[in-house]
Amino acid sequence: MSMKEIADRVGVSVATVSRVLNDPDHRCAYRDEILQVAQDLNYAPNAAARNLKLGVRDEEDTKFLAILMTRADAAGVDPFFTELIRCVESEIHRTACILTKVVYRSIFSDDRTCDASDVQALVDEVTSADGHKPDGIIIVGKCAPLALEQLSQHIAGIVSINRNSANYLVDEVHCDGRRIAELACEYLIGLGHTQIGYVGAVHSETRYEGFETTIRAHGLQIDEDNVCEVGLSEAEGFEAMEKIKSSPNPPTGIYCANDIIAVGLLKYLWQHRNQGYNPSVIASDDIEESQNTKPMLTTVHLPREEMARFALRLLVDRIDGGHQSVVKLQVEGSLMERCSCAAPEETGERLHVTRP
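Just so you know, these numbers come straight off a predicted model, no measurement behind them. (Residues numbered from 1 in each chain as written. Predicted model: local features only at pLDDT ≥ 70, side-chain atom pairs only at ≥ 80, totals over all residues. Heavy atoms only, no water.)

A.B. asks: Explain the overall build of the protein to me, please; I cannot follow it from the model alone.
C.D. replies: Counting secondary structure elements, the protein contains twelve helices and twelve strands. Out of the 356 residues belonging to the protein, those deemed buried represent 53%. Considering only intrachain contacts with a sequence separation of at least 6, the fraction spanning at least 24 residues in the protein is 70%. (Helix = DSSP H or I, 4+ residues; strand = E, 2+ residues; numbered from the N terminus. Buried < 20%, exposed > 50% of the residue type's maximum accessible area, 1.4 Å probe, protein only. Contact = heavy atoms within 4.5 Å.)

A.B. asks: Teacher, can you tell me more about the pairing of strand S8 (residues 253-256) here?
C.D. replies: Along any regular strand the residues' side chains alternate between the sheet's two faces. Judged by which residues are buried, S8 turns out to be covered on both faces: Gly253 and Tyr255 on one side and Ile254 and Cys256 on the other are all buried. With three bridges connecting them, S8 and strand S9 (residues 280-285) associate as parallel partners. Directly across from tyrosine 255, in S9, lies its bridge partner isoleucine 282. Crossover S8 to S9 through helix H11 (residues 259-271) is right-handed. (Pairing = 2+ DSSP bridges. Right-handed = clockwise from strand over helix to strand, strands pointing away.)

A.B. asks: What exactly am I supposed to notice about the sheet that holds strand S1 (residues 63-69) here?
C.D. replies: Hydrogen bonds between backbone groups are what pair the strands of a sheet, and the pairing can be parallel or antiparallel. Here six strands make up an open sheet; going across it, the order is S2-S1-S3-S4-S5-S11 and the pairing parallel. Two strands in the sheet have a free side with no partner beyond their single neighbour: strand S2 (97-104) and strand S11 (328-330). Each strand axis lies, on average, 15° off the axis of its neighbour in the sheet, ignoring direction. Running over the sheet, helix H6 (residues 116-126) touches S1, S2 and strand S3 (136-140) and is turned about 140° from S2. (Axes fitted to C-alpha atoms, helices over the stretch in contact; angles between N-to-C directions.)

A.B. asks: Hey, could you run me through the state of the cysteines in this one?
C.D. replies: Disulfides are covalent bonds that connect the sulfur atoms of two cysteines. Throughout the structure, instances matching the rule amount to zero disulfides. For the unlinked cysteine cysteine 256, the closest cysteine sulfur is that of cysteine 228, found at 9.4 Å. A relative accessible area of 0% means that cysteine 256 is categorised as buried. (Disulfide = S-S within 2.5 Å.)

A.B. asks: Would you mind going over the sheet that holds strand S6 (residues 196-200) with me for this structure?
C.D. replies: Spatial strand order, S7-S6-S8-S9-S10-S12: six strands in an open sheet with mixed pairing. Strands with a single pairing partner mark the edges of an open sheet, and in this sheet they are strand S7 (227-229) and strand S12 (334-336). The sheet shows a mean angle of 15° between the axes of neighbouring strands, direction not considered.

A.B. asks: Could you clarify how one ought to interpret the environment of valine 331 in this entry?
C.D. replies: Checked against the element boundaries, valine 331 lands in the loop between S11 and S12. Residue classification places valine 331 among the buried residues on the basis of a relative accessible area of 8%. Residues valine 331 and phenylalanine 310, 21 residues apart in the sequence, show an inter-C-alpha distance of 9.7 Å. Apart from residues lying up to four places away in sequence, valine 331 is in contact with Val173, His174, Cys175, Asp176, Pro303, Met307 and Phe310.

A.B. asks: Explanation requested: the packing of aromatic side chains in the structure shown.
C.D. replies: Two aromatic rings are characterised by how far apart their centres lie and by the angle between their planes. With the rule as written, the count across this model stands at six aromatic pairs. Relative to phenylalanine 81, the ring of phenylalanine 80 lies with its centre 5.2 Å away and its plane at 70°, an arrangement referred to as edge-to-face. Taking the centre distance of 5.0 Å and the plane angle of 70° together, the rings of tyrosine 198 and tyrosine 208 count as edge-to-face. Of this pair, tyrosine 198 sits in strand S6 while tyrosine 208 sits in helix H9 (residues 206-217), and the two are ten residues apart along the sequence. According to the relative accessible area criterion, tyrosine 208 is buried, its value standing at 8%. An aromatic cluster is built from Tyr198, Tyr208, Phe211 and Tyr255, whose rings are joined through pairwise contacts. (Phe/Tyr/Trp six-rings, centres within 6.5 Å; stacked < 30°, edge-to-face > 60°.)

A.B. asks: What should I look at first to understand the pairing of strand S5 (residues 171-174) in this one?
C.D. replies: Of the two faces of S5, the one lined by Asp171 and Val173 and the one lined by Glu172 and His174 are each fully buried. Here S5 runs beside S11; their pairing, made up of three bridges, is parallel. Paired with valine 173 across the two strands is leucine 329, which belongs to S11.

A.B. asks: What should I look at first to understand helix H12 (residues 304-319) in this one?
C.D. replies: Spacing of three or four residues puts side chains on the same side of an α-helix, whose turn is 3.6 residues. Under the 1.5 Å per step criterion, the end-to-end length of H12 is 23 Å for 16 residues, consistent within 8% with the ideal 22 Å. Among all positions of H12, only Arg304, Met307, Ala308, Ala311, Leu312, Leu314, Leu315 and Arg318 are buried. Across the axial projection of H12, the buried residues extend over an arc of 165°, all falling on one side. Two residues or fewer after H12 comes glycine 321, characterised by a positive phi angle close to 80°. (Expected span 1.5 Å × (residues − 1). Arc of directions from axis to C-beta.)

A.B. asks: Could you clarify how one ought to interpret the side chain of histidine 301 in this entry?
C.D. replies: Topologically, histidine 301 is positioned in strand S10 (residues 298-301). Only 2.9 Å separates the side chain of histidine 301 from the side chain of aspartate 286, close enough to count as a polar contact. If we ignore the near neighbours within four places in the chain, the residues touching histidine 301 are Asp285, Asp286, Gly333, Ser334 and Met336. (Polar contact = N/O pair within 3.5 Å; in protein donor to acceptor, adjacent residues only side chain to side chain.)

A.B. asks: Teacher, can you tell me more about the packing of H6 against helix H7 (residues 145-154) here?
C.D. replies: Geometrically, a packed helix pair is captured by the angle between its two axes and the distance between the axes. One way to put it is that H6 packs onto H7 with a least axis distance of 9 Å and a crossing angle of 45°. In this view, H6 runs oblique relative to H7, as classed from their interaxial angle. Both H6 and H7 take part in a crossing whose hand is right-handed. Of the residues in H7, those in contact with Ala116, Val119, Gln120, Leu122 and Val123 of H6 are Leu146, Ala147, Gln150, Leu151 and His154. Among the residues forming the contact of H6 with H7, the class breakdown is seven nonpolar, three polar and no charged. (Parallel < 35°, antiparallel > 145°, perpendicular 65-115°, else oblique. Left-handed = near helix turned anticlockwise from the far one by under 90°. Nonpolar A, V, L, I, M, F, W, Y, C, P; charged D, E, K, R; others polar.)

A.B. asks: Looking at this structure, I do not really get the pattern of salt bridges. What am I missing?
C.D. replies: Once the charged atoms of two side chains with opposite charge are near each other, the side chains can pair. Inspection of the entire model under this criterion finds 15 salt bridges. We note a salt bridge from aspartate 171 to arginine 318, for which the minimum N-O separation is 3.0 Å. Pair noted here: aspartate 171 is in strand S5 and arginine 318 is in helix H12, with a separation of 147 residues, a long-range link. For aspartate 171, a relative accessible area of 1% gives the class buried. For aspartate 286, the salt bridge is made with arginine 338, and the minimal N-O distance between the two is 2.9 Å. You can see aspartate 286 sitting in the loop between S9 and S10 and its partner arginine 338 sitting in the segment after S12, a full 52 residues away along the chain. Summarising the burial analysis for this pair, aspartate 286 and arginine 338 share the class buried. (Salt bridge = Lys/Arg side-chain N within 4 Å of Asp/Glu carboxyl O.)

Quick look at the structure:
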């Protein structure tokens, strides 16, 4: 299988295929179709995979890696994780490693739902037909302690990319959810908001903990009617906005745990823009769609490319025996100021603005 064959199937140039497969930031109308065809045809885009197929490289020198996505049970549910996984895949393709499988298991994100049998089922799934386990697993998203402990007994190399810390159970690249929420809430408070709502996961969720701590640190009250525990989806964000709008004392500002939830809120507000309720909305992730909302979404950018790059370096070093101690690498988010937030008294015209 070659890039030319993929290009012929999709009907684009080889150069377009190459850019899509090797650059996670490259955008074109055929990107999703190219990625799907490459996956269907088991395309081996990096030198390690090609050489292994040709018998040029000894299999023992090649690292086989799997990805475990814990925030969804299917691809495309949350654009942030779709973009992050593509960054990880791109980094794998640049190294002497081969991606064997991407597994989606939301059960591992909740310590109330997973058990040891689920971990064993995962190990069985990522183990190859000849009985070989992957050399390493990259866990994308929050993962329950039990799952981390059990996985560590089966797989030698594990690195987690997360916003909820693995608490030194495995190596991790961590963008602190508490800090993300603090940055977002401090921004709303700085604009003058004193009634702030929250939409997102609550149970064992660092972003909710950061929201709660920041609000109370400023002597403000949390109205439980304005806290909506929802899944990380646009549809649930849309429904949450309808609920918040009908609460006895709706907030003037709302922090959403991720961008795709906020997209749902903003779509509801846009559809009901003549009803006089225009709260400021802020979120975290900075997905591509956050720049296409009406108004453009203010959010906390998470450095996906750096998170993926550091994760691969940590994992390869762990597999090669370069370090024994558990390593936690912290990266920082950054505020992206756009149009979805304003001072409480300035919200009237905001929803009619689509660009800064």
